[in-house]
Amino acid sequence: MSNSVRSGGLDRRAFLRYTLLAGGAAGALGVSGALAACSSGSSSSGGASSDNPKVQLSWQKNIEFAGEYWALEKGYYKDGGLGTPQLITGGGAGTGVETGLTSNKVWIGTTAPQLTAPVILQGAKLMTVAATYQKNPFCIVSSAEKPIRTPQDMAGRKIGVQASNENVFKALLTANGMKESDVQKISVQYDPTPLTKGEVDGWVAYVTNEPITLAESGFANNNFLFADFGLPLVAETLVVRQETIDNERDKLKAFLKAEIQGWNDAVADPAGSAKLAVEKYGKDLNLKLDEQVKEATAQNSLVVSEDTKRNGLLTMTDALIAQNIEALGKAGYSIKPEQIFDMSLINEVYKENPGLIKA
């Protein structure tokens, strides 16, 4: 097994960003902690009213934040009067976006509905104002020789599931009328070597990572997206405190405009995006340019949809919001759309700047 596969697998500790579905997001903060944190809105540590706002990323500075890199490189944030936003690396202990927001340490962050929902349900006043990924990247990857193309194909087969991903995997089964007893769930870590050795038949992965690194190592593979089989959760969502919407609406709209501009550039130039990640923003990560180019290309399929071609990047239609509410319910979170999603700001940005829509 090549180093690229091993490092790619270990990099999927990024799963922790999205899959504290077992209660990590809410549990780490706790009911009293969430409410107490919400009361700290007057803290000056978050830079909520200054230029150079603090932006909490969901993970390390790899290709996933290409839009933000372009917005910095092209001066889109500066043009909006935001100065130079500080991109804060996430993914480690104590760097959860929801925690950063409720403690007023950051102004905005990139996260996912299944992390935000439980914190909101415990009293935090947070709101999702945009969605970069129209589809989440979760997939089941399998050998091309014995492909698993649908959830039903998993029946009776060994599926490697990381501890942090058990709830989202269970939600996938539930969404497809299956029970846990229908599959042989094998507890695994993040390095997909057991899949290449035939110790499991399928592996919970990110479509933008393991399928690419495995193929690079010579392991032909197949995958299917959770989002295509009943769990159409968005990802890399932009989340803020409700008070930011109430008190800094124009500033937030300027930020969203810069984000749209940056992501338009990222979608148009995967190679350039990869170069920014490898040579500048993620230089200390020793990223591989060819893999980052492939991941950027795969990422574009999550960022761009027929809806975004009509309505613009980072938007969510009412139908997509409804699908996410249903998916959150399957994951155990009963929440109303108006409690977690507010697309009014980004819709206003596009109404005021229709040229931002790139078909």
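Remember, it's a predicted structure, so these values are computed and weren't measured experimentally.

A. Region of interest: the sheet that holds strand β7 (residues 184-188). In space, the 5 strands of this open sheet follow the order β7-β6-β8-β5-β9, with mixed pairing throughout. On the outer flanks of this sheet lie β7 and β9 (221-225), each paired with one strand and no other. For this sheet the average axis-to-axis angle between neighbouring strands, irrespective of direction, equals 35°. Direction of pairing for strand β6 (residues 158-162) relative to β7: parallel, over a ladder of 5 bridges. Bridge assignment links glycine 160 to a residue of β7, and that residue is isoleucine 186. Docked against the sheet, helix α9 (residues 166-175) engages β5 (138-143), β6, β7, β8 (202-206) and β9, running at close to 135° with respect to β6.

B. Molecular detail of the packing of aromatic side chains. Scanning the model with the defined rule gives 6 aromatic pairs in all. Aromatic pair tryptophan 107 and phenylalanine 255: ring centres 5.6 Å apart, planes at 70°, arrangement edge-to-face. Note that tryptophan 107 is positioned in the loop between α7 (97-102) and β3 (108-111) and phenylalanine 255 in helix α13 (residues 249-268), a separation of 148 residues in sequence. Owing to a relative accessible area of 0%, tryptophan 107 belongs among the buried residues under this scheme. For phenylalanine 255, a relative accessible area of 0% puts it in the buried group. Centre to centre, the rings of phenylalanine 138 and tyrosine 206 are 5.3 Å apart; their planes meet at 85°, and the pair counts as edge-to-face.

The rules behind these values
- Residues numbered from 1 in each chain as written.
- Predicted model: local features only at pLDDT ≥ 70, side-chain atom pairs only at ≥ 80, totals over all residues.
- Heavy atoms only, no water.
- Pairing = 2+ DSSP bridges.
- Helix = DSSP H or I, 4+ residues; strand = E, 2+ residues; numbered from the N terminus.
- Axes fitted to C-alpha atoms, helices over the stretch in contact; angles between N-to-C directions.
- Contact = heavy atoms within 4.5 Å.
- Phe/Tyr/Trp six-rings, centres within 6.5 Å; stacked < 30°, edge-to-face > 60°.
- Buried < 20%, exposed > 50% of the residue type's maximum accessible area, 1.4 Å probe, protein only.

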